[in-house]
Amino acid sequence: MEDGIPMLLDLDEFEDLLATLKDLQKDTGEIAHHMEKMARDFERIDQILAQWFGIKN
C-alpha cells in the first residue's frame, strides 16, 4: 500500500506489462500485413490457374 492506496502492480511489473502490450501490438500489425499479402498472392495464383485451365471469371 502506498499513500493509503493499494497497489495492484509495482512499477517494474507495470513497465513489463506495457512492453508486452507494445510487442503484441507490433505483432498484430505484422500479422495483418502478411495476411493481406497472402490474400493478394492467392488472388494472383487464382487468376494464373484460371488462365491456365481456360476458366473465365
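That block above? That's the structure.
We now turn to the structure provided with this report.

The rules behind the values
- Residues numbered from 1 in each chain as written.
- Predicted model: local features only at pLDDT ≥ 70, side-chain atom pairs only at ≥ 80, totals over all residues.
- Heavy atoms only, no water.
- Helix = DSSP H or I, 4+ residues; strand = E, 2+ residues; numbered from the N terminus.
- Buried < 20%, exposed > 50% of the residue type's maximum accessible area, 1.4 Å probe, protein only.
- Areas by Shrake-Rupley, 256 points an atom, 1.4 Å probe, with all protein chains shown as cover.
- Salt bridge = Lys/Arg side-chain N within 4 Å of Asp/Glu carboxyl O.
- Patch = residues over 30% accessible without salt bridge, like charges linked within 9 Å, V, L, I, M, F, W, Y side chains within 5 Å.
- Phe/Tyr/Trp six-rings, centres within 6.5 Å; stacked < 30°, edge-to-face > 60°.

This brings us to the overall build of the chain. Within the chain, the secondary structure is distributed over one helix and zero strands. When burial is assessed residue by residue, the chain has 2% of its 57 residues classed as buried. Working note: accessible area of the chain is about 5,800 Å², and carbon and sulfur atoms make up 61% of it.

Under the counting rule described, the total for this entry stands at one salt bridge. The closest approach of N and O atoms between Asp41 and Lys37, which form a salt bridge, is 2.9 Å. Within this pair, Asp41 and its partner Lys37 are both found in helix α1 (residues 11-53), separated by four residues, close to a single helical turn. With a relative accessible area of 36%, Asp41 lands in the partly exposed category.

What follows is about a nonpolar patch on the surface. A cluster of nonpolar side chains, namely Met38, Phe42, Ile45, Leu49, Trp52, Phe53 and Ile55, defines an oily patch on the protein surface of about 820 Å² accessible area. In this structure, Phe42 sits in helix α1. By relative accessible area, which is 54% here, Phe42 ends up exposed.

Attention now goes to the packing of aromatic side chains. The full count for this structure, using the stated rule, is one aromatic pair. Arranged with centres 4.9 Å apart and planes meeting at 45 degrees, the rings of Trp52 and Phe53 form a pair that is tilted. Phe53 shares its class with Trp52; the two are exposed.

These values are about where atoms sit, not about what they do.
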